[in-house]
Amino acid sequence: MEILRTDSENPDFQKLVSQLDAELAVIDGDDHDFYHQYNGIAMIKHAVVIFHHGEPIGCGAIKEYDAESMEVKRMYVSPEGRSKGTGTIILKELETWTLELGYRKCILETGKRQQDAVALYTKNGYVLISNYGQYAEVENSVCFEKYLF
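Given the structure is predicted, the values throughout are model-derived calculations rather than measurements. (Residues numbered from 1 in each chain as written. Predicted model: local features only at pLDDT ≥ 70, side-chain atom pairs only at ≥ 80, totals over all residues. Heavy atoms only, no water.)

Draft legend 1. Structural view of a nonpolar patch on the surface. On the surface, M1, I3 and I89 cluster together into a nonpolar patch covering about 230 Å² of accessible area. Along the chain, I3 turns up in strand β1 (residues 2-6). (Patch = residues over 30% accessible without salt bridge, like charges linked within 9 Å, V, L, I, M, F, W, Y side chains within 5 Å. Areas by Shrake-Rupley, 256 points an atom, 1.4 Å probe, with all protein chains shown as cover. Salt bridge = Lys/Arg side-chain N within 4 Å of Asp/Glu carboxyl O. Helix = DSSP H or I, 4+ residues; strand = E, 2+ residues; numbered from the N terminus.)

Structure representation (structure tokens):
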């Protein structure tokens, strides 16, 4: 597998995010419009795309949340890339990049219905925190953080 550090202008990143949005529209149902408003990709400076045999199979991004935290956004692995550790590879690359940029932790939000995502973050050392920001009162959201060393 090959990892490319890029930004939101990358066409492979944009294609994968479109696939993610289509999948989330089904999973989130009536809640999709609420979440979608917070997941635009314009101006994301730190995105990764992972390739397998030259084909883009996954992506993720980070953006500054506060002086010590980067927020993990737009994590997605295509059906072809699942069950191969792809999500963990993407997450580790985002964590490494976070440290290189001088931040101490990653935070993120995901939906309770996204059990694969919850399992991925838990497996990789993320711990539940109180819902933050726009997700504070959202019953279907769960938020996580991980301090990086």
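Anyway, onward from the coordinates.
Draft legend 2. Region of interest: the packing of aromatic side chains. Under the counting rule described, the total for this entry stands at four aromatic pairs. Where Y65 meets Y132, the ring centres are 5.1 Å apart and the plane angle is 65°; that geometry is what we call edge-to-face. Residue Y65 is found in strand β3 (residues 55-66), and its partner Y132 is found in the loop between β6 (127-129) and β7 (141-147); the two are separated by 67 residues along the sequence. In this structure Y132 comes out as buried when scored by relative accessible area, which is 9%. Through pairs of rings, three or more aromatic residues link up here, namely Y65, Y132 and Y135. (Phe/Tyr/Trp six-rings, centres within 6.5 Å; stacked < 30°, edge-to-face > 60°. Buried < 20%, exposed > 50% of the residue type's maximum accessible area, 1.4 Å probe, protein only.)

Draft legend 3. Representation of the side chain of R74 in the model. Secondary-structure assignment places R74 in strand β4 (residues 69-77). The exposure class of R74 is buried, given its relative accessible area of 5%. A distance of 2.9 Å separates the side chain of R74 from the side chain of D21, its partner in a polar contact. (Polar contact = N/O pair within 3.5 Å; in protein donor to acceptor, adjacent residues only side chain to side chain.)

Draft legend 4. Representation of the sheet that holds β1. With respect to topology, seven strands assemble into an open sheet ordered β1-β2-β3-β4-β5-β7-β6, the strand pairing being mixed. Of all the strands in the sheet, just β1 and β6 have a single pairing partner and so form its edges. The mean inter-strand angle of the sheet, taken between neighbouring strand axes irrespective of direction, is 30°. Where β4 meets strand β5 (residues 105-111), three bridges bridge the pair, whose relative direction is parallel. Bridged to E71 within β5 is I107. Where helix α4 (residues 115-123) meets the sheet, its contacts fall on β4, β5 and β7, and the angle it forms with β5 comes to roughly 160°. (Pairing = 2+ DSSP bridges. Axes fitted to C-alpha atoms, helices over the stretch in contact; angles between N-to-C directions. Contact = heavy atoms within 4.5 Å.)

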